[in-house]
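Below are the chains, spelled out letter by letter.
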Amino acid sequence: MKKTLLSAILFCFGALSISAQITITTADVAIPSKIIYQVTDSTPTVSVGTALATSQVWNMSLLKTNKNDTLSFLNYSAIPNAAFSSSNLVARQGSTSNYSYMLNSATGLFTLGNAATVDFGSGPKAVKQINSPCEKMQVFPATYATTDTNNFTTTTPAFYLGLTVSGIFIDSARAKSVVQKTVIVDAWGSLTTPLGTYNVI
């Protein structure tokens, strides 16, 4: 659940059209009621290039559509969850009941955690993942050479599983992950996709 949500979150920044090196701020994050359409190329033939301090040109116009998906943004009040009461933005993956609870502020975009309904084979179960402290998706303002380190723990509180595996009944499950993450904005320039050309970092 988390891997899908987190990869999708990278696409929540709006398209920017400035002719020089850009700066991303809180105003560039998708707002509630915004729907972002995503596509996946399962056999890409493009290269991400290398990190350079000078303006670069990336041509990814050959990307193809193998899978379509959406990322919908909602107000916290539309899908409240007491575990993430300081959230002011919620992202929903496709038509699923998978939600990422975020905080968009002047200092960054943070993920407080995730909530989903998942079927592990014994029927739908409500599952939460809580980040402590919050996961920093991006600090603001972000421009070339912005660097940030974020160490956090993701905890999935125990939930009833009720599943038999190889003759063994598993009553409940829980999980804990310790994450050490560094984000470095190491390039900037112009990116061409099948949808158009955009200034990016």
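Residues numbered from 1 in each chain as written. Predicted model: local features only at pLDDT ≥ 70, side-chain atom pairs only at ≥ 80, totals over all residues. Heavy atoms only, no water.

### Side note on the sheet that holds strand β8 (residues 147–165)
Two pairing modes exist for strands in a sheet, parallel and antiparallel, and in both the strands are linked by backbone hydrogen bonds. Threshold: The criterion for strand pairing is that DSSP finds at least two bridges linking the strands in question. Secondary structure elements follow DSSP: runs of H or I of four or more residues count as helices, runs of E of two or more count as strands, with numbering from the N terminus. For helices, the fitted line uses only the C-alpha atoms of the stretch in contact; every axis is such a line through C-alpha atoms, and the angle between N-to-C directions lies from 0 to 180 degrees.
The eight strands are arranged β1-β3-β4-β5-β6-β7-β8-β9 in an open sheet whose pairing can be described as antiparallel. Of all the strands in the sheet, just β1 (35–40) and β9 (168–184) have a single pairing partner and so form its edges. Going across the sheet, the axis of each strand differs from the next one's by a mean of 15°, ignoring polarity.

### Some thoughts on the pattern of salt bridges
If charged atoms from side chains of opposite charge come close, those side chains can pair. The criterion, for reference: For this document, the term salt bridge refers to a Lys or Arg side-chain nitrogen within 4 Å of an Asp or Glu carboxyl oxygen. The classification of residues rests on relative accessible area computed with a 1.4 Å probe and restricted to protein chains. Under 20% of the type maximum is buried, over 50% is exposed, and intermediate values are partly exposed.
A complete count under the given rule lists two salt bridges for this structure. Its salt-bridge partner being Lys181, residue Glu135 comes within 2.8 Å of it at the nearest N-O pair. Linking Glu135 in strand β7 (residues 124–139) with Lys181 in strand β9, this pair joins segments that are 46 residues apart in sequence. By the burial criterion, Glu135 is buried, and Lys181 matches it. Linking Lys136 and Asp148 is a salt bridge whose minimum nitrogen-to-oxygen distance equals 3.3 Å.

### Re the sheet that holds strand β11 (residues 196–200)
Taken together, three strands build an open sheet; the order of strands is β2-β10-β11 and the sheet is mixed. One side of each edge strand has no neighbouring strand; the edge strands of this open sheet are β2 (56–59) and β11. Neighbour-to-neighbour, the strand axes of the sheet open up by a mean angle of 20°, direction not taken into account. By the bridge criterion, five bridges tie strand β10 (residues 189–193) to β11 in an arrangement that is antiparallel. Looking at the pairing, Thr192 lines up with Thr197 of β11.

### Focus: the packing of aromatic side chains
For clarity, the threshold we go by: Stacked, edge-to-face and tilted are the three classes for Phe, Tyr and Trp ring pairs, Trp counted by its six-membered ring, which pair at centre distances within 6.5 Å; planes under 30 degrees apart are stacked, over 60 edge-to-face, the rest tilted.
Counting across every chain of the model gives three aromatic pairs. Geometrically, the ring pair formed by Phe84 and Tyr101 is stacked, given 4.9 Å between the ring centres and 20° between the ring planes. In this pair, Phe84 sits in the loop between β3 (67–74) and β4 (89–93) while Tyr101 sits in strand β5 (residues 99–105), placing the two residues 17 residues apart along the sequence. Tyr101 shares its class with Phe84; the two are buried.

### Some remarks on the environment of Thr107
To keep it simple, the criterion reads: By definition in these notes, contact holds between two residues if any of their heavy atoms fall within 4.5 Å. Think of a polar contact as two N or O atoms within 3.5 Å of one another; within protein, one of them needs to be a possible hydrogen donor and the other a possible acceptor, and neighboring residues in sequence only count if both atoms come from side chains.
Residue placement: Thr107 occurs in the loop between β5 and β6 (108–119). With 34 residues separating them in the primary sequence, Thr107 and Pro141 have C-alpha atoms 7.0 Å apart. Those residues within four positions of Thr107 in sequence are excluded, and the remaining contacts are Val139 and Phe140. Of the polar contacts made by the side chain of Thr107, one reaches the side chain of Ser105; its length is 3.1 Å.

The values reported here are purely geometric and, on their own, carry no functional implication.
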